[in-house]
Amino acid sequence: MSEVFNSFSHDEEPKSIMFLINDTPADGKDISWIWDADFEQINNIKNINYFHCSGTRANEAVLRLKYSNFNTDKIKKICFKRSRRC
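Residues numbered from 1 in each chain as written. Predicted model: local features only at pLDDT ≥ 70, side-chain atom pairs only at ≥ 80, totals over all residues. Heavy atoms only, no water.

A. Spotlight on helix H2 (residues 58–67). By the burial criterion, the buried members of H2 are Ala-58, Ala-61, Val-62, Arg-64 and Leu-65. Axial view of H2: buried residues confined to an arc of 160°, hence all on one face. For H2, the elements touching its buried residues are strand E1 (15–20), strand E2 (48–54) and strand E3 (75–78). Of the residues trailing H2, Asn-69 is marked for its positive phi of about 70°. (Buried < 20%, exposed > 50% of the residue type's maximum accessible area, 1.4 Å probe, protein only. Helix = DSSP H or I, 4+ residues; strand = E, 2+ residues; numbered from the N terminus. Arc of directions from axis to C-beta. Contact = heavy atoms within 4.5 Å.)

B. Local environment of the packing of aromatic side chains. Within this structure, the stated rule accounts for seven aromatic pairs. Here the aromatic rings of Trp-35 and Tyr-67 are separated by 5.6 Å at their centres, their planes lie at 75°, and the arrangement is edge-to-face. Here Trp-35 is found in the loop between E1 and E2, whereas its partner Tyr-67 is found in helix H2, with 32 residues between them in sequence. Its relative accessible area of 57% is what places Tyr-67 among the exposed residues. Among the aromatic side chains, those forming a connected cluster through ring pairs are Phe-5, Phe-19, Trp-33, Phe-39, Phe-51 and Phe-70. (Phe/Tyr/Trp six-rings, centres within 6.5 Å; stacked < 30°, edge-to-face > 60°.)

C. Seen up close, the sheet that holds E3. Pairing is parallel across the open sheet formed by three strands, whose spatial order is E1-E2-E3. The open sheet has two edge strands, E1 and E3, and neither has a second partner. The sheet shows a mean angle of 25° between the axes of neighbouring strands, taken without regard to direction. As defined by bridge partners, E1 adjoins E2 across six bridges and the pair is classed as parallel. Each bridged residue has a counterpart across the sheet, and for Lys-15 the counterpart in E2 is Ile-48. (Pairing = 2+ DSSP bridges. Axes fitted to C-alpha atoms, helices over the stretch in contact; angles between N-to-C directions.)

D. Geometry of the nonpolar core. Residues Phe-19, Phe-39, Ile-42, Phe-51, Cys-53, Leu-65 and Phe-70 are the most contacted members of the largest nonpolar core, which totals 19 residues. Elements represented by at least two residues in this core include exactly E1, E2 and H2. The dominant element in this core, judged by the number of residues it contributes, is H2, at four residues. With residues near it in sequence (within four places) discarded, Phe-39 still touches Met-1, Phe-5, Phe-19, Ile-34, Phe-51, Arg-64, Leu-65 and Ser-68. (Core = buried A, V, L, I, M, F, W, Y, C linked by side-chain atoms within 4.5 Å.)

E. A nonpolar patch on the surface, seen in detail. On the surface, a nonpolar cluster with roughly 330 Å² of combined accessible area is contributed by Met-18, Leu-20 and Phe-80. As for its position among the elements, Met-18 is in strand E1. (Patch = residues over 30% accessible without salt bridge, like charges linked within 9 Å, V, L, I, M, F, W, Y side chains within 5 Å. Areas by Shrake-Rupley, 256 points an atom, 1.4 Å probe, with all protein chains shown as cover. Salt bridge = Lys/Arg side-chain N within 4 Å of Asp/Glu carboxyl O.)

F. A look at the pairing of E3. Across four bridges, the pairing between E2 and E3 is parallel. In the strand pairing of E3, Ser-54 is matched with Ile-78. Handedness of the crossover joining E2 and E3 through H2 is recorded here as right-handed. (Right-handed = clockwise from strand over helix to strand, strands pointing away.)

Here it is, written out as structure tokens:
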């Protein structure tokens with residue numbers, strides 16, 4: 001994630017980010033890595049319009065963004081009907 005955010009910081013165009021995270025067997029059950037990733041660096045990227053979170057673990061993604069002090073007005077959770085826990 002750190003390298004992805006670093007790439008975004010070099011692009012001055014306005015952008016929205018979509019973060020999809022699941023914990024199904026095919027995706028991997030352990031999502032604890034989101035707490036190790038340097039989400040705090042997104043606070044230095046001023047041209048993010050929205051950070052969309054979706055997937056079966058969207059709530060954890062939203063929580064991680066809140067703990068990184070990202071502007072909560074820019075966090076949008078998207079739930080799809082097929083998602084069991086969004």
